[in-house]
Structures are given as C-alpha cells and as structure tokens.
Amino acid sequence: MRLDGREPDQKRQVSIVPDFVKTAAGSCLIATGGTRVICTASVEEIVPPFLKGKGQGWVTAEYAMLPASTGTRKKRDGIKKDGRGVEIQRLIGRALRQAVDLKALGERTITLDCDVLEADGGTRTASITGAMVALTCAVDRLIAEGKLLASPLRHQVAAISAGLVENEPCLDLCYQEDSRAQVDMNFVMNERGEMIELQGTGEGRAFSRGELEKLLALGEKGIRELMAAQRETLGERARHLCARPVLLAATGNAHKLKELQEIFAEYYTILPMSAAGFTEDIDENGMTFAENAIIKAEAVCAATGLPALADDSGLSVTALGGEPGVYSARYAGEHGNDEANNDLLLKKMENITDREAFFVCALALKRPGEEPLVAEGKCPGVILRERRGTGGFGYDPLFLYEPLGKTFAEVNGEEKNAVSHRARACAAMKEKLAALQGEE
C-alpha cells in the first residue's frame, strides 16, 4: 500500500471541469490528486513567420507555476523563464502537435496555456492531458463559428508518470513518491498506444529492460483510463477526437456525393465543395473521364486550398463506339435530364442486338502541392430495351448487372457500392493512397 493508500497500479483520482475559463476558446481545470492545473486554448488568425504562406497552422504551449503552487512561494517568471518551465512547455507543444493535422487547421495558431494552481507531482503530465481537452473545446468552437469545416484532430493524447519507489513499479507518482523515486518516467501516448514521448531517468539507480516494460505497461493502463476521462468530460465534443481527414467532393450531384461518402466512410469525411464556399461552374472540356476528373479536382483544390476528390463517370456502349462517354450527363442536350438521356439511348439502340456496355468512373484526388492521383474503375453490363427499377440515377434503370440479375435502379445502396464502377475506382484509389503512405 502506498503513502496515499493506492495500489501500485492505481492512478490518482482525476477530475476534469470543462469550460472553466469562459473567455477562452477552450479550457478546463484538471485535478490529478493534489495537482491542479488550469488549461486554456487561445486562437489567433496568424502563424509564426516561418510558416507564413505555407498553408498550415501551428500549435504551441506555455507553462507556468503560480507563486503559491508549491506551498513555498515560487517567484513569478520574468522575461527569462526558468529552464524547467521552458522544457515542460516545449514538451506540451510537441505532444499536442502530434494530435493535429496542421494543414487542416489552416493558417492560425492555437496557444495552450497551462498554469499550475497546486503542484503535488505530475504537473507536466496533467498539463498535457488537460490541454488536449482545452484544444478539443477550441476546435469545437472554430467549427461552430464556421472557421473550420471539420476537426483537424487526428489523435487523442494523454500523459502520465510512473516510477520505481522502493523497487516497486508504481503508477502516477505524487510529489512525496516522486521526490524519493529510484526511477522516474513520464509517458505521452496517443489512442493507438503509440509513444509520443518517453522520459525516463534512473535517479537512484539504473533500471533493467524488464523494469522498463513493467513501467510501460503501467503507463499504458493509466493513459487508457485518462483518455476515457477526457471523452467523458467532452461529451458530444469527443466526436472531434481522432477525426477522419476531410476531402471536398468536387461535384454538385447529390447522388454521387452520397455514394462517395458511403464508400469512403471508414477513411475520410467527404464534404460537398459548397461547404467550402465553392459554387462555380467548372468547364469540363477534357476528352476522357480522367481528364475531366483532374480538371474538377484541381479547380476546387486551387480555390479552397483543401484536398479535393473529383469523380467523372458515365456510360460507354460498345455498339455505339463508346457513346455517350464524357457526354453522358448531357447526351440529349440538357445537362442532367435523365429521362431525355435514357430516351435517346433507347432510340439509338432500337435495332441493335449487341447490348454490351460499361459504366466507367475516373477519380482524381488533388492535394495542395502534390500531383493529382488518378484511379479508374469499370463495371460491365447490358443495356435493356425498357427501364426497370425506381432507384439510382442516370442510366441505372437501363443498365443490367448480370451477376445480380438486376438493374442498378433495382439494387440497394449496399449492393451497388460493392460492385459499381465508382466502388471499383474508389478501391483503386485506396490502394494508391495506401502505397503512398507506405512510401512516406
């Protein structure tokens, strides 16, 4: 049994009060045992000089202990901070930057201020854990104000200490334990259990690999519990943690948008280009589906500064030499008139026995500063002599997918997304992205 009655693997009682400072963009008061820290997040629409014009934001931190935080009055930091304070605030900044997609944050700075009211050991780890909550609250406000389309928080971060006290591995050391610990360690991890920072010192003696592994296991356990406390504190705002990256869909077609959202749901948050204020008409003057997809993706990315995913697709009928091809949406003259387009197709194929056709989809992903990625998919089928089904859009009522014995207007969304040209193009795009991430 430890000095405060805890078991070796038991962390101190944690309390996190959100929105503690009403004037801050995000804030909380975190208490871990006798340690209490006010964490605030302030947002400025500027970035440091070295980031100007680079299309990304910055997350930084400041840390201070108030004069009465240790019982014996601590002098306030002047122009020159004490070395310990500088080291800790750099740690907090590094740790929280790991959680943020800085490009998705945009050209703005979030400063996390951690002010220690009372210190009873673990002030740096409490600051990191509390700052994650304050940062999430600030992101929620930016989204509510329309300054961010979606959360740039890709990870959840928390921190805790562990150490050897009288040769016993113990979690979350209080000051009395920390001051006489033989080995003192701090762990900063994300929700995957990946290490962001590991600080370990054999102050009283050296430690073995086996002892390190025991301390690491304690740290992982404690951080899982702290992350649960963070999510409970944040409530509905916890949805911003570990958010999927945002892609703008360069389309005004609600049906295509819905299909893209369903297919990429596990990987990305797909938003319409209008969500970023892009409503311009794009001149699709390419000769192929791939060329048109690239034109659309590049236009939206250039205008918004955000990654854009563009789809260009249509029907290719073998007996008609590939018609309607890139003119699928305006085959009969009026863009998007599905009835007229289907009527014209039926008329042209009235006396044709070869009914082979393909739905073709080209996807282009344009990211700022990168060359477009292009993937294509084809789905074979047969053109019927009359419409069947009431679902889908475009030529779906005439397109029979033989393996299912149904037209695309007769299948449900799950069936279509498993075999469609768009699903196949998306699968190819996912493979390209996976290969790219592997290279990086």
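Just so you know, these numbers come straight off a predicted model, no measurement behind them. (Residues numbered from 1 in each chain as written. Predicted model: local features only at pLDDT ≥ 70, side-chain atom pairs only at ≥ 80, totals over all residues. Heavy atoms only, no water.)

Caption draft 1: The arrangement of the overall build of the protein chain in detail. From N to C terminus, the protein chain includes ten helices and 16 strands. Compactness check: the protein chain gives a C-alpha radius of gyration of 28 Å against a globular reference of 22 Å for 440 residues, more than 25% above the reference. Counting only C-alpha atoms, the protein chain reaches 95 × 45 × 35 Å along its principal axes. Across the 440 residues in the protein chain, those meeting the buried criterion constitute 49%. Sequence-distant contacts, at least 24 apart, represent 65% of the contacts inside the protein chain between residues at least 6 apart. Entry remark: accessible area of the protein chain is about 20,600 Å², with carbon and sulfur atoms responsible for 49%. Mean positive and mean negative side-chain charge positions of the protein chain (54 and 65 charges, respectively) differ by 4 Å. (Helix = DSSP H or I, 4+ residues; strand = E, 2+ residues; numbered from the N terminus. Rg over C-alpha atoms; globule rule 2.2 N^0.38 Å. Buried < 20%, exposed > 50% of the residue type's maximum accessible area, 1.4 Å probe, protein only. Contact = heavy atoms within 4.5 Å. Areas by Shrake-Rupley, 256 points an atom, 1.4 Å probe, with all protein chains shown as cover. Lys, Arg positive; Asp, Glu negative; His and termini not counted. Charge placed at Lys NZ, Arg CZ, Asp CG, Glu CD.)

Caption draft 2: Expanded view of the pattern of salt bridges. For the coordinates displayed, the defined rule picks out 32 salt bridges. A salt bridge links Arg 6 to Glu 177; its shortest N-O distance comes to 3.4 Å. One end of the pair, Arg 6, is in the segment before β1 (14–18); the other, Glu 177, is in helix α4 (residues 175–180), with 171 residues separating them in the sequence. A residue is classified by how much of its surface remains accessible, and Glu 177, at 2% relative accessible area, is buried. Salt-bridge contacts for Arg 205 lead to Glu 211; the nearest nitrogen and oxygen are separated by 2.8 Å. (Salt bridge = Lys/Arg side-chain N within 4 Å of Asp/Glu carboxyl O.)

Caption draft 3: Seen up close, the pairing of strand β11 (residues 269–272). The sheet contact formed by strand β10 (residues 246–249) and β11 spans four bridges and is parallel. Counted as the bridge partner of Leu 248 is Leu 271 from β11. Considered for its hand, the β-α-β crossover made up of β10, helix α6 (residues 254–263) and β11 is right-handed. (Pairing = 2+ DSSP bridges. Right-handed = clockwise from strand over helix to strand, strands pointing away.)

Caption draft 4: How the structure looks around the sheet that holds strand β6 (residues 157–165). Spatial strand order, β7-β6-β8-β9: four strands in an open sheet with antiparallel pairing. Of all strands in the sheet, those with a lone pairing partner are β7 (168–171) and β9 (195–202), marking the two edges. Taking each pair of neighbouring strands and ignoring which way they run, the sheet shows an average axis angle of 15°. Both strand β8 (residues 183–190) and β9 contribute to a ladder of seven bridges, which runs antiparallel. By the bridge assignment, Val 188 is partnered in β9 with Glu 197. Set on the sheet, helix α3 (residues 123–144) makes contact with β6, β8 and β9; between it and β6 the angle comes to about 160°. (Axes fitted to C-alpha atoms, helices over the stretch in contact; angles between N-to-C directions.)

Caption draft 5: Summary view of helix α5 (residues 209–234). For α5, with 26 residues, the first-to-last C-alpha span of 37 Å sits near the 38 Å given by 1.5 Å per residue. The complete set of buried residues in α5 reads Glu 211, Leu 215, Leu 218, Gly 219, Gly 222, Ile 223, Leu 226, Met 227, Ala 229, Gln 230, Thr 233 and Leu 234. Each element contacted by the buried residues of α5 is listed here: β1, α3, β6, β7 and β8. Two residues or fewer past α5, Gly 235 is found with a positive phi of approximately 60°. (Expected span 1.5 Å × (residues − 1).)

Caption draft 6: Spotlight on the sheet that holds strand β3 (residues 35–44). Pairing in this open sheet of five strands is mixed, and the strands run β1-β2-β3-β5-β4 from one edge to the other. Strands at the two margins of the open sheet, each flanked by one partner only, are β1 and β4 (58–65). Strand-to-strand twist in this sheet, taken as the mean axis angle between neighbours without regard to direction, amounts to 15°. Relative to the sheet, helix α1 (residues 83–97) contacts β4 and β5 (109–118), its axis offset from that of β4 by approximately 145°.

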